[in-house]
Amino acid sequence: MPSREEVLAALRSVIDPELRQNIVDLGMVRSIEQRDGGAVAVMVSLTTPGCPIRNHFQSAVARAVGGLAGVTQVDVSFDVLSDQEKGDLQRRLGRAGGLPEGALAQVANVVCVGSGKGGVGKSTLTANLAAALALDGKKVGVLDADVWGYSIPRMFGVAGRPPVSPQRKILPLQAAGGVKVMSIGFFVEEDSAVVWRGPMLHKALTQFLEDVEWGELDFLLVDLPPGTGDVSMTLAQLLPQARFLIVTTPQPTAQKVARRSAEMAHKVDLEIGGVVENMSAFVTPGGERFPIFGEGGGQELAAELDVPLLGKVPLTMPLRAQSDAGEPLVFVDPDDPAAQAVRHAARGLVAMFPTELPILQVAQAAPAQAPRPTGMSLPMAG
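Residues numbered from 1 in each chain as written. Predicted model: local features only at pLDDT ≥ 70, side-chain atom pairs only at ≥ 80, totals over all residues. Heavy atoms only, no water.

## What to know about a nonpolar patch on the surface
Phase 1 of the analysis: Together, F290, I292 and F293 make up a nonpolar patch on the protein surface, roughly 270 Å² of accessible area in all.
Phase 2 of the analysis: Its place among the elements puts I292 in the loop between β11 (289-290) and α9 (297-305). (Patch = residues over 30% accessible without salt bridge, like charges linked within 9 Å, V, L, I, M, F, W, Y side chains within 5 Å. Areas by Shrake-Rupley, 256 points an atom, 1.4 Å probe, with all protein chains shown as cover. Salt bridge = Lys/Arg side-chain N within 4 Å of Asp/Glu carboxyl O. Helix = DSSP H or I, 4+ residues; strand = E, 2+ residues; numbered from the N terminus.)

So this is what it looks like as structure tokens:
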């Protein structure tokens, strides 16, 4: 029978998919009871009585504890954190707006796409990365967190006010390829300027993450605004396990500014997953290549940060045209040089999040019984 410390160590592998920390460090393990016959009972405290990820905890706890030597049965039960315990947890996590109630429970991976400056094609790249992931069979959502320069709705050709579910959750609009899209642009008049200060931005982004019914997603791409201001810090606080994807152009000026985004990510403990060099060259319809912004900046930045360069995306005329037309180029012409480069970068993005293979539990077969002898018994010498 394992000790209490061994059970707790095993439970550290059970991660709250929204808070992105293990249930032991979150203080959600209420009790552990070791019973006769190798049975272990674990009580987990949930943040809300109707927690939609209860089944996740049920199976994850049973799997983690059931894998310990000597455990023959795992009984998992639940209660709810008291108001005092919830308050303590909120303060410990730095969440002033309350704890999530399941909106991101089924989102497997979150990628924040950012750059140090505007004009590097970050939103165009985000839209086409989402399309490339969708073409590869992934379930994808895009959150347009560039509240001042929102352009994702236009790039996907979606508009209108998102509906609300009976559970009072905002439902994202669905674009081509099944990509789910959410943007502040859905809630303001077309082309209106958003003039908000830090507290309003924090509240809006929190609502987009926690009050939107994203459902089951393999990837949620977050299109950040340029720079290193309030939005980036808010998202780092709300999504501590997200990966940061830096977009730069080849010239040294853009590279130096993008490095500031990397410094911001380090300061707020966001892991940098990789770099994408956009506008690596202009490719004409005839296939000629002109490095109008120079060469090598993306590779230099990736080497400096010790992260992979996921792709070098050229600038083509169809890439620009499809962004204005409201359908990502990757959907329309996957053979275009820019589309091919984006699809290569998307595969690199998938490789940043290796799939955890299931552990095979091989049952030990009972030793086979020797076949009963047949025929006549031979006399044995005495």
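## Regarding the environment of G273
Phase 1 of the analysis: On the secondary structure map, G273 appears in strand β10 (residues 271-283).
Phase 2 of the analysis: When the C-alpha atoms of G273 and A242 are compared, they prove to be 9.2 Å apart, with 31 residues separating the residues in sequence.
Phase 3 of the analysis: Contacts of G273, omitting those with residues within four sequence positions, involve F244, V307, P308 and M352. (Contact = heavy atoms within 4.5 Å.)

## Observations regarding the pattern of salt bridges
Phase 1 of the analysis: Counting across every chain of the model gives twelve salt bridges.
Phase 2 of the analysis: With its nearest N and O atoms 3.3 Å apart, the salt bridge here joins E271 to R243. Here E271, found in strand β10, pairs with R243, found in strand β9 (residues 243-248); they are 28 residues apart in sequence, far enough to count as distant.
Phase 3 of the analysis: Classification of E271 by relative accessible area gives partly exposed; the value is 45%.
Phase 4 of the analysis: Within this structure, R30, D79 and E85 form a network of salt bridges that share partners. (Buried < 20%, exposed > 50% of the residue type's maximum accessible area, 1.4 Å probe, protein only.)

## What about the packing of aromatic side chains?
Phase 1 of the analysis: Per the stated rule, a full pass over the model turns up two aromatic pairs.
Phase 2 of the analysis: On the basis of an interplanar angle of 75° and a centroid distance of 5.6 Å, the ring pair of F219 and F353 is categorised as edge-to-face. Linking F219 in strand β8 (residues 217-223) with F353 in the segment after α12 (337-351), this pair joins segments that are 134 residues apart in sequence.
Phase 3 of the analysis: Classification of F353 as buried rests on a relative accessible area of 13%. (Phe/Tyr/Trp six-rings, centres within 6.5 Å; stacked < 30°, edge-to-face > 60°.)

## So, the side chain of R343
Phase 1 of the analysis: Relative to the elements of secondary structure, R343 occurs in helix α12.
Phase 2 of the analysis: Separated by 2.7 Å, the side chains of R343 and D136 make a polar contact. (Polar contact = N/O pair within 3.5 Å; in protein donor to acceptor, adjacent residues only side chain to side chain.)

## Digging into the confidence of the model for the chain
Phase 1 of the analysis: Averaged over every residue, the pLDDT of the chain is 81; the share at 70 or more is 81%.
Phase 2 of the analysis: Within the model, pLDDT remains below 50 along residues 356-382, and this stretch shows zero contacts once partners closer than five positions in the same chain are excluded. (pLDDT = per-residue confidence, 0-100.)

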